[in-house]
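Residue-level structure breakdown
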Amino acid sequence: MANLLEIQNLTVEYKTRRGTARGVDNVNLNLEENKTLGLAGESGCGKSTLGRSIMRLVPYPGEVVGGKILMHLHHDVPYPKGVISKGIVNILDLNEDEIRALRGKEIAYIFQDPMTSLNPMIKVDKHFQEIMKAHDPEIEEEEIRGRAYEILDGLGISPERISDYPHQFSGGMRQRVMIGLGLALRPKLLIADEPTTSLDVIVEAQILEEIAELKELFNLTMILITHNLGVLAQTADDIAIMYTGRIMEQSPTELLFEDPLHPYAKALLESVPDVQHPEKKLSWIPGAPPDLIHPIPGCMYNPRCPHAMDICKTTIPDLITVDGGRLVACHLFRGD
Amino acid sequence: MSQQETAISGVFYYLIPRTGDWKERSRSFLIGLAVVVIGSLAIISAFIGLALRSNSGIGIYVIVYTILCAFVVLISDAYRKYRIQEKHMTPRTGWLFLSAIFIILGFVSVVVGLFWVPESEGSLSSALVLGGTVLGVVVILLYDGYPILEERGSAGYVAMAGLLIVFAMVYMTAVSWWVVPYDPRDLDVGPYISAPSVQFPLGTTSLGQDLLSRTIAGGGIMLQVAVLSVLVCFSVGVPLGLAASYRGGVADKATSLVMDSIFAFPGLVLAIAIAAMLGPGVVNMALAIAVVYIPSYFRVIRSQVLTVKELPYVEAAIVLGARDRDILFRYVLPNVLPSAVVVMSINFADAILTAAGLTFVGLGLPVSVPDWGWDLTFGSHQLIAGKWWVITYPGLMIVILALGFTLAGEGLNEILTPKLKE
Amino acid sequence: MSLKSYVVTRVLMTIPMIMLLLTFVFIIVRILPGDPALLHFERHVDPETLEAFRQTLGLDVPILQQYFNYLIGLPAGDFGLSMQDFTPISEHIVVRFPATLELTIYSMIYAVLLGVALGVKSAKNYDKTQDHGIRMFGIVTYAIPVFFLGMILQIIFSIWLHLLPTGTRFDPHYATPTTITGMYTIDSLLTGNITGFVVSLRYLILPTITLGTILCGIFIRLTRTNMLETLRQDFVVAAEARGLSSGKITYTYALKNAFLPILTMIGLQFAALLAGAVLTETTFSWPGLGTYLVQRIAHRDYTAIQGVVVFFGILVSIVTLILDILYAYLDPRIRL
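Residues numbered from 1 in each chain as written. Chains lettered and ligands numbered in written order. Predicted model: local features only at pLDDT ≥ 70, side-chain atom pairs only at ≥ 80, totals over all residues.

1. Regarding the interface of chain C and chain B
On the chain B side, the residues contacting the 41 residues of chain C number 41 residues. Secondary-structure elements contributing two or more residues to the side of chain C that touches chain B are helix H1 (3-31), helix H6 (129-143), helix H7 (146-160), helix H11 (246-284), helix H12 (289-298) and helix H13 (302-330) of chain C. Broken down by element, the side of chain C that touches chain B gets its largest block of residues, 8 residues, from H1 of chain C. Of the residues that constitute the side of chain C that touches chain B, the class distribution is 35 nonpolar, 6 polar and no charged. (Contact = placed C-beta atoms within 7 Å. Helix = DSSP H or I, 4+ residues; strand = E, 2+ residues; numbered from the N terminus. Nonpolar A, V, L, I, M, F, W, Y, C, P; charged D, E, K, R; others polar.)

What follows is the structure in structure tokens.
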């Protein structure tokens, strides 16, 4: 299967008054088409920044300082001032008009909190109108309505509600509206940033199911960003674990849960309660992530790692291929 | 460098180049710094050059004397810090020590002034006292204040810049009479309204006065009026605000109504009305301006007090039986003062601009005293003939002075009441 | 609280404020200097002339009765008589006020437009050179005395470059537009007098720029702060992620938010506007109420000063009242 997205040596820095912090440090990531990649890690590990940089929406004071984000376009993407030819495109090289053409149309982003992500002052139908008009100024009212109804219907929202304001929906419905908006233009890539974190468990389960269905229906490729490994177990094909802006391990889901390679991944999994073994003692990872403004040399996990060796304190481990397909960045492993 | 050495060396610590840091500093910062340093040096050398040719003959000595005073202050401050580090002195005693130094210097300056040029009848003394004190304060500001302000980033620089500008102006005005090439009041020292030349670098006025001298010495009235009006404003507005809002009830509502009425009025118009009826004079102008700005203090203090009054720890104090007076002074006042200080610096700027406005409208002081406002007013008649220098330089001085206060206010505002976080 | 009750309350509050205002002015002009009539005559004047003088002006009756007459007279439009020629002040006000009104309206429009435009630019270039430059500009314009700026502009554009006229309100070679409102630009338009319109506009340019520039600083700051806050909201980033253009986002989302605060600020700045107008008129010899006031000062015409100051005070109160009601009408929180 071809790769829809290839991230090469991506580095994002945040320049603050106290100093510069690397939110994303030399990340390499490949995303196969029609697969779901889970991006997991603690708060502040860089997963959101990574997701946002694919859209080139890194918040101030962040800046992409190096690397490539290559996307495989299967068709030409026209926009008012020109057209992006199909093929491999480096997202970081595009100009403002071009990246805006891609946003919403080829790549969609779903935010964590649907209340604040929807404009409280305009109705839902206006939201659809805006996004469709932004990408196709000639589009007719009829068509907008039609498509919007279709999508919302597919998400279980009755058509009359399209004339309501965001605050008139419940949390779960709002998130569905967000998803609907995200999929309105049939994008190839959907990046969901903590899509269910603000929802209760039951709604969460429903939404995850619906997302899985939609993914099948629209042939989506998805990146699911969350700190909740349980969610990823359900929906992701592969999982990448991030820590201090670096990828620590990337494995197919089942393999990761059965046999985590990286000590950090192991520790994470141990800290998640297991329904089938309720008597299991919950463990936690001692210590805390380092301050990224003053990074520690070598592998930044080493102060908390039970297997830390001398080399871990001096050399950053490369992300190497192990067992034919799994990636891990740890000095405990030697590549194939 | 050890903590101790850092403490003692104050600002000088920051002047020592640390290679890592300097490379990181943005290019615009370095350019700005270069401009500031070169500019200040240029101004200072021009000033000293002037002093060498001064009308009074002793200009350069006056300046040297004030620098000596500043030096004494510097050494005393270093000594004070050293003693505090060594734990031989508490911070409070340290400040008393410093104040004592200032007072002693003041006395010495008075005596020196009286003996040096007896016929000056104290004006030399006041120049020396004021000049020495201002330079001393500048020294302390740089020495003690700079590290504190620098910590706060760009807002600190802005505040520092503003304060330095203000003090520089005050200093210039303080020593002006002894430094200027011609007596600012002398008429006919040169041809009427002549353009800037070598002999008269800023040109001459319509009465044949040297504009350079008038520009250097013209700030006195404005500064006096500003200081006086701010003093009155502060001493009336703050207690009024505290009392009214803390008491609450009818007194609060009534006073607020009165203050709102004044506040709603166009400031200058009210000042014009008062000044016109009171007549000319520094005190009258100051009073006119003060009345206009009292409501500003009142409102700010009041809103602060109302907020603080509701805070849990104030309630707790009341429950524990604290008296009103205690609460007011120990809880409310410290919270309210930072805002009051910010209002004060803006107040200064407004006072200067209003004073200039009043002079322009004809309600200023007698002509004989050199005053930027008057030069502007008289100069305005020369505009038609294209004589631009008569208004430009005095006007520029007013702008710089007002700017200094405004910058200080802006900077202090960011520092004391931080709002927008990155 | 409903709109109606708000309006009623607000109007009721204005009445004591105007009363206080009137009382202030009365105290200042009649009581403070002792005897304004005596003050008017610099040299000693014989008692008979003085007495006749005071009688004509109504200054001979007891103070309280003077106060009473003064208060009664105002609603009827009696602003007193000039000390110079015993003409009613109200006549002078009617003749000269339109010039001031014209100047203040144009200046405020200019200040708001310039301030908002620069504020938006500043917010969009947050923390870059443009931002710092514009903020500095706002600070510096605040520190310049308005008459100084006026004089500089006069010298540059009138005297040196001969681009714009100055020194009065209209070209003496042409007939002034027929008086309908007293505002030349509007009158010219109403009577189809294009030449008149152009001429009066040319004379308006310099004073408007002077007064407007001094006032724009506060609008720059207001717009900037408001924009920065709004632009950081999640729904703005979400809109960007959907591919909406930054122009659309700025103007529809963000500026709509700023509209009400700007309206409030206009009300708050109105007093400052009038104060600045007095000085601006004097600088440009603009024949408005401001220059009238200044002339009266030179002539020690204290009753005239009182009349004009009272007029200004009442004007500000009424204008702020109207604007407050307008604001309440537009703010959905109060309306609904």
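Moving on from the coordinates now.
2. A short note on the confidence of the model for chain C
Residue-level pLDDT values for chain C average 83, and 97% of them are 70 or greater. If you check the scores for this complex, the pTM reads 0.80 and the ipTM reads 0.87. (pLDDT = per-residue confidence, 0-100.)

3. Re the sheet that holds strand S3 (residues 36-40) of chain A
Residues and elements named next belong to chain A. Here we have 8 strands laid out as an open sheet, ordered S8-S9-S10-S3-S11-S12-S14-S13, and mixed in their pairing. For this open sheet the edge positions go to strand S8 (107-110) and strand S13 (320-322), each flanked by a neighbour on one side alone. Direction aside, neighbouring strands of the sheet carry axes that sit 20° apart on average. Sheet analysis places S3 next to strand S10 (residues 221-226), joined by 5 bridges and oriented parallel. Across the sheet, residue Ala40 finds its bridge partner in S10, namely Thr226. Sheet contacts for helix H6 (residues 171-183): S8 and strand S9 (189-193); angle to S8, the most-contacted strand, approximately 170°. (Pairing = 2+ DSSP bridges. Axes fitted to C-alpha atoms, helices over the stretch in contact; angles between N-to-C directions.)

4. A few points about the interface of chain A and chain C
Between chain A and chain C, the residue contacts involve 20 residues of the former and 14 residues of the latter. At the level of elements, helix H2 (96-102), helix H3 (114-117) and helix H4 (124-135) of chain A are the ones that each hand at least two residues to the side of chain A that touches chain C. Of all the elements, H4 of chain A adds the most residues to the side of chain A that touches chain C, at 4 residues.

5. Quick notes on unusual backbone geometry
The phi torsion at Glu194 of chain A lies on the positive side, around 50°, for a residue other than glycine. Position of Glu194 of chain A among the secondary structure elements: in the loop between S9 and helix H7 (201-218). Classification of Glu194 of chain A by C-beta neighbours within 10 Å gives partly exposed; the count is 19. A positive phi angle, near 50°, is found at Ser285 of chain C, a position not held by glycine. Tracing the chain through its elements places Ser285 of chain C in the loop between H11 and H12. Here Ser285 of chain C falls in the partly exposed class, since 13 other C-beta atoms lie within 10 Å of it. (Buried ≥ 20, exposed ≤ 12 C-beta atoms within 10 Å, placed from the backbone.)

6. Notes on the domain arrangement of chain B
Splitting chain B by domain gives domain 1 (3-179) and domain 2 (219-369). Put simply, the middle of domain 1 of chain B and the middle of domain 2 of chain B, counted by C-alpha atoms, are 30 Å apart. (Domains from an automatic or database assignment.)

7. Thoughts on the environment of Leu103 of chain C
All names here are of chain C. Following the sequence through the fold, Leu103 ends up in helix H5 (residues 89-124). Measuring from C-alpha to C-alpha, the distance between Leu103 and Pro16 comes to 30 Å, with 87 residues separating the pair along the chain. Each residue touching Leu103, except ones within four places of it in the same chain, is listed here: Pro207, Thr208, Leu211, Ala277, Thr280, Glu281, Trp286 and Gly288.

8. Re the packing of H5 of chain C against helix H9 (residues 194-231) of chain C
Residues and elements named next belong to chain C. Between H5 and H9, the shortest axis-to-axis distance is 5 Å and the interhelical angle comes to 35°. Crossing handedness for the pair H5 and H9: right-handed. Per-class residue counts for the contact of H5 with H9 are 22 nonpolar, 7 polar and 1 charged. (Left-handed = near helix turned anticlockwise from the far one by under 90°.)

9. With respect to the sheet that holds strand S4 (residues 62-73) of chain A
All names here are of chain A. Taken in spatial order, the 4 strands line up as S2-S1-S4-S7 in an open sheet, and their pairing is antiparallel. On the outer flanks of this sheet lie strand S2 (20-32) and strand S7 (87-90), each paired with one strand and no other. Ignoring which end each strand starts from, the neighbouring axes of this sheet average 5° apart. Bridge count between strand S1 (residues 3-15) and S2: 9 bridges; the pairing is antiparallel.

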